[in-house]
Amino acid sequence: MASILVLAIGIGITVALVGSVMFQILIPLNEDVLSPLEEKCQQIANEGYKIHSLYPDSNPEDLLESDMKRLMYLDDVWIKECVSVLPADSIFNIVNNVDRNFSYGE
């Protein structure tokens, strides 16, 4: 009787574990899916980072005029369309996922 009970418990645990694995495989988590606004904000953050990385130790006055205007535009759009609209966790995710792998010739 005890061996049947242990066997039933073992089968129950096995079925639960296999079911859990199948559930995770069939229903993937969509944590990386961004809304269209979040995608736009991610592009703005990536572009702004590229400009900032071209002048890592410079004062804003040392930037080329075209880069300075572009950076000011991106900062304005970032504040108006991203920071003021999206929740804080989305902003932090975007900032943490800035594309830092690029070549300066792009």
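This report concerns the structure included in the present document.

Each value, and the rule that gives it
- Residues numbered from 1 in each chain as written.
- Predicted model: local features only at pLDDT ≥ 70, side-chain atom pairs only at ≥ 80, totals over all residues.
- Heavy atoms only, no water.
- Helix = DSSP H or I, 4+ residues; strand = E, 2+ residues; numbered from the N terminus.
- Buried < 20%, exposed > 50% of the residue type's maximum accessible area, 1.4 Å probe, protein only.
- Contact = heavy atoms within 4.5 Å.
- Areas by Shrake-Rupley, 256 points an atom, 1.4 Å probe, with all protein chains shown as cover.
- Arc of directions from axis to C-beta.
- Core = buried A, V, L, I, M, F, W, Y, C linked by side-chain atoms within 4.5 Å.

**Some thoughts on the overall build of the chain**
In terms of helices and strands, the chain carries four helices and zero strands. In the chain, the order of α-helices and β-strands from amino to carboxyl end is α-α-α-α. A buried classification covers 22% of the 106 residues belonging to the chain. Put simply, of all contacts in the chain between residues at least 6 apart along the chain, 66% involve residues at least 24 apart. Approximately 8,300 Å² of the chain is accessible, and the part contributed by carbon and sulfur atoms is 63%.

**Comments concerning helix α4 (residues 88–96)**
Among all positions of α4, only Ser90, Ile91 and Ile94 are buried. The buried residues of α4 occupy an angular sector of 100 degrees when the element is viewed end-on, so they sit on one face. Residues of α4 that are exposed and point more than 90 degrees away from the buried face comprise Asp89, Phe92 and Asn96. Contact partners of the buried residues in α4: α2 (36–54) and α3 (65–83).

**Section: the nonpolar core**
In terms of nonpolar packing, the biggest core is built from 15 residues, with Cys41, Ile44, Trp78, Cys82, Leu86 and Ile94 touching the most fellow members. Elements with a minimum of two residues in this core: α2, α3 and α4. The greatest single-element share of this core, amounting to five residues, is contributed by α3. If we ignore the near neighbours within four places in the chain, the residues touching Trp78 are Cys41, Ile44, Ala45, Val83, Ile91, Ile94 and Val95.

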